[in-house]
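Structural overview
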Amino acid sequence: MNSTSTSASGIVDIIGVGAGFSGLYLSHRLTNAGWTFAGFEAGPSVGGTWFWNTYPGARCDVESIYYSYSFDEALQQEWTWSQRFAPQAEILSYIEHVADRFDLRKHFTFDTRVVGATWNAADRLWEVRLDNGETRRSRYLISGAGGLSTPKDFDLPGLGNFTGLQVSTSRWNISLDDLEGKRVAVIGTGSSGVQAIPLIAEVAEHVTVFQRTPNYVMPARNTELSTEQIESIKVDYPAIREECRHSPGGIPDRPVADKAFDVSEEERRRRYEAAYERSGFQGVGAEFADLLTDAEANRTASEFLHDKIREIVEDPSTAELLVPRYHPLGAKRSVFGTDYYETYNRPNVSLVSLRDEPLETMTANAIVTSEGTYEADAVVLAIGFDAFTGPLYGLGLTGASGTKLQEAWRDGVRTYLGMMTTDFPNFFMVGGPQSPALASNVVMTIEQAVDWIADLIEHARDSGATLVETTVEGQNDWVDITEETVAQTLYATTDSWYRGSNVQGKPNTFMGYVGGVGKYRRMCTEIAKRGYPGVEID
Ligand code: N01
């Protein structure tokens, strides 16, 4: 039972879903503003995605000094990150520290999942059903359920036949030692697979990687942070955070004005080499202003990386299978790895291209493709997530007209600012679809969303209102803005989880606003200043 008090009627002001980065900051911000808050978290503790994704090599590819809360100066002064890209365990320790430091655990009931929520129009309340059979009632319902928290269905033919060890990166429940001396099949080469494969290869007898779409994997260039670096960051922290808040990606910007063909081929190559050394989200994919908008410009960067793969991978036929040729650089989520391509030079690692030999079935101890049978003692699934809508549909929301959220979004996601949707009054999403969450330092995006939602419901409270809902016009305008913004980019050309195309039957909607964190913040602030046009407050 959480300790947050509810009113005599048993109604709580706010029910929050999830105790990850979003839910914890929600609980802090809203209880400080005097709201009663009951949080529910499906897992046994805080951490969200950083609680579950404990696979070998898991770490964040946004630098930890940015991928952390900015809301409290003392917190950022007292916490010291050990590495440029902190490993999962360190990020989880940080989240636990925040929960303890601000005494936030008391706001949550753990091991309890929200499984249904119905809008009661007469009482203007959400009736929220929990998997323990209880129903709780709240004025507002706010999802901090995350965008990448619902694993994709294991849509692999014959998976049920396999009797060996089976584990997924997003619900890792074994130790790396359990793979020692085993023949391991890894399916999936997105960020999770790319991080896990080199470490699995160090202990396994043999690793067979099953790759469907080759990705551009750039070197992570992780390093320890020196005392001097930490000190200088801490001195500058307020300014660094302010820069991040107004930047395109929620990390310090590295503005470039020139385009790829503004410079000679030699100059381009020199710049790509320097960017490749620098790496990160300000690396090769951000070296020229038009790399995400002009396919020909993009080709120069993509081909630069193709050559890098051919330089690193010794076996030419393996190198060619690893060369990404199905999408432009950056149009799918960029991937950063450590020794990823080098791992294919190990004698105990081989690569199977599922584009050339589709997976047909699995047997008790093998994966069968159209061309061969690959024996395995263990299968590691790194096949990704049912992004954004998976966690939201899991809440079982029924809106004012009796329509389920998945029905309302049958033809595609529709939101206002990625935070609200029509027919679901008093329901908010933190880091929701059509927000900048998809393409930004998500912690910064989360803080901005929580603050904006908090201000909006405080504004409603101050004016005696009990209902807050986006208008159809407001929502239509936002959907148009997100679509027009993405249409100007190469994101629009490529199938990926960004568009829901990794999940069978999911409508094709781009899941993010890619106009930039700073621009989005300015728009949200302006909307608040103007008294929230696009929102009905009653
Ligand atoms: O998942 P993914 P992920 N048969 O969807 C393949 C964040 N993240 O967990 O590309 C065969 O990217 C699929 O192939 P294809 C980050 O935002 C961050 O790796 O669909 N293969 C692909 O290769 C990231 O983008 C970090 O053809 C199948 C892979 O599985 C997001 O999470 C670390 C298949 C899935 O890749 C998701 O990353 C980890 C099938 N039926 C995650 N289904 C860091 O910060 C799927 N695949 C570093």
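Residues numbered from 1 in each chain as written. Predicted model: local features only at pLDDT ≥ 70, side-chain atom pairs only at ≥ 80, totals over all residues.

We now examine the overall build of the chain. Within the chain one finds 15 helices and 20 strands. Expected size for 538 residues packed as a compact globule is a radius of gyration near 24 Å; at 23 Å, the chain falls within 12% of this value. If you line up the chain on its principal axes, its C-alpha atoms span 70 × 55 × 50 Å. Residue burial in the chain is summarised as follows: out of 538 residues, 50% are buried. In the chain, the proportion of contacts linking residues at least 24 apart, taken out of those at least 6 apart, comes to 71%. (Helix = DSSP H or I, 4+ residues; strand = E, 2+ residues; numbered from the N terminus. Rg over C-alpha atoms; globule rule 2.2 N^0.38 Å. Buried ≥ 20, exposed ≤ 12 C-beta atoms within 10 Å, placed from the backbone. Contact = placed C-beta atoms within 7 Å.)

Our next topic: the site of the ligand. The local shell around the ligand holds 24 residues, among which Gly-188, Gly-190, Arg-212, Thr-213 and Gly-384 are the closest. With four residues, helix H5 (residues 191-203) is the single largest residue contributor to the shell around the ligand. In terms of residue class, the shell around the ligand is built from ten nonpolar, ten polar and four charged. (Near = placed C-beta within 6 Å. Nonpolar A, V, L, I, M, F, W, Y, C, P; charged D, E, K, R; others polar.)

This part covers unusual backbone geometry. Backbone geometry at Ser-279 places phi at a positive 60°, although glycine is not the residue there. One can find Ser-279 in the loop between helix H7 (265-278) and helix H8 (295-312). For Asp-339, which is not a glycine, the phi torsion comes out positive at approximately 60°. Inspection of the secondary structure assignment puts Asp-339 in the loop between strand S11 (335-337) and helix H10 (340-343).

Attention now goes to the UniProt feature "domain: FAD/NAD(P)-binding" (unreviewed entry) in the chain. The residues that UniProt annotates with the feature "domain: FAD/NAD(P)-binding" (unreviewed entry) are residues 14-227. Between the C-alpha atoms that bound residues 14-227 there is a distance of 42 Å. The span itself is 23% helix and 23% strand. (UniProt positions renumbered as here; feature names shortened; annotations may be inferred.)

Spatial ordering of the open sheet is given by S13-S14-S15, a layout of three strands whose pairing is antiparallel. Looking at which strands have only one partner, the edges of the open sheet turn out to be strand S13 (359-363) and strand S15 (373-375). Ignoring which end each strand starts from, the neighbouring axes of this sheet average 20° apart. As judged from the three bridges shared by strand S14 (residues 366-369) and S15, these two strands associate in the antiparallel manner. The residue of S15 that forms the bridge with Ile-367 is Tyr-374. (Pairing = 2+ DSSP bridges. Axes fitted to C-alpha atoms, helices over the stretch in contact; angles between N-to-C directions.)

Of all hydrophobic cores here, the largest spans 151 residues; its most connected members are Ile-95, Val-184, Val-186 and Ile-200. Tallying contributions element by element places helix H13 (residues 442-462) first for this core, with eleven residues. Val-184 has contacts with Leu-179, Ile-200, Ala-204, Val-207, Ala-376, Ala-378 and Val-380, leaving out every residue within four places of it along the chain. (Core = buried A, V, L, I, M, F, W, Y, C linked by C-beta atoms within 7 Å.)

Bringing the pairing of strand S2 (residues 37-40) into the picture now. Of the two faces of S2, the one carrying Phe-37 and Gly-39 and the one carrying Ala-38 and Phe-40 are both buried. Judged from the four bridges that link them, strand S1 (residues 11-17) and S2 form a sheet pairing that is parallel. Paired with Val-17 across the bridge in S2 is Phe-40. The parallel pair S1 and S2, bridged by helix H1 (residues 21-32), forms a crossover whose chirality is right-handed. When S2 meets strand S3 (residues 108-109), the two strands line up parallel, connected through two bridges. Across the sheet, the residue bridging to Phe-40 is Thr-109, located in S3. (Right-handed = clockwise from strand over helix to strand, strands pointing away.)

Another point: H1. Every α-helical turn comprises 3.6 residues, leaving residues that sit three or four positions apart pointing alike. For H1, spanning twelve residues, the distance from its first C-alpha to its last is 17 Å, which sits close to the expected 16 Å at 1.5 Å a residue. By the criterion of burial, H1 is predominantly enclosed, with ten of the twelve residues buried. Regarding H1, the residues found buried are Phe-21, Ser-22, Gly-23, Leu-24, Tyr-25, Leu-26, Ser-27, His-28, Leu-30 and Thr-31. Buried residues along H1 sit against S1, S2, helix H4 (88-101), strand S6 (135-143) and H13. Backbone geometry just after H1 places Gly-34 at a positive phi near 95°. (Expected span 1.5 Å × (residues − 1).)

What follows is about the sheet that holds strand S8 (residues 183-187). Pairing in this open sheet of five strands is parallel, and the strands run S7-S16-S8-S9-S12 from one edge to the other. The outermost strands of the open sheet, each flanked by one partner alone, are strand S7 (165-168) and strand S12 (349-353). Taken over all neighbouring pairs, the strand axes of this sheet differ in orientation by 20° on average, direction set aside. Bridge analysis of S8 against strand S9 (residues 206-211) gives five bridges, and the strand direction is parallel. Bridge assignment links Ala-185 to a residue of S9, and that residue is Thr-208. Against the sheet, H5 makes contact with S8, S9, S12 and strand S16 (378-381), and its axis sits at roughly 170° relative to S8, the strand it touches most.

Moving on, we come to the environment of Asn-215. Checked against the element boundaries, Asn-215 lands in the loop between S9 and strand S10 (217-219). Taking the C-alpha atoms as reference, Asn-215 lies 39 Å from Glu-526; in sequence the two are 311 residues apart. Beyond its immediate sequence surroundings of up to four residues, Asn-215 is in contact with Thr-189, Gly-190, Pro-324, Lys-332 and Val-335.

This next bit is on the packing of H1 against H13. Geometry of a packed helix pair, given as the angle between the helix axes and the separation of the axes. Taken N-terminus to C-terminus, the directions of H1 and H13 make an angle of 35°; their axes are 10 Å apart at the nearest point. Judged by the sense of rotation from one axis to the other, the crossing of H1 with H13 is right-handed. Contact residues: Phe-21, Ser-22, Tyr-25, Leu-26, Arg-29 and Leu-30 in H1; Val-443, Ile-446, Glu-447, Val-450, Asp-451 and Ala-454 in H13. Among the residues making up the contact of H1 with H13, the classes are represented as eight nonpolar, one polar and three charged. (Left-handed = near helix turned anticlockwise from the far one by under 90°.)

Take the pairing of S16 next. Residues Ala-378 and Val-380 of S16 are buried on one face, and the alternating residues Val-379 and Leu-381, pointing to the opposite face, are buried as well. The pairing of S7 with S16 spans four bridges and is parallel. From the neighbouring strand, Val-167 faces S16, where its bridge partner is Val-380.

On to the packing of H7 against H8. Viewed as axis vectors pointing N to C, H7 and H8 meet at an angle of 65°, and their least axial separation amounts to 11 Å. In this structure, H7 meets H8 at a crossing whose hand is right-handed. The residues of H8 that touch H7, namely those facing Arg-268, Arg-269, Tyr-272 and Tyr-276, are Thr-300, Ala-301, Phe-304 and Lys-308. In terms of residue class, the contact of H7 with H8 is built from four nonpolar, one polar and three charged.

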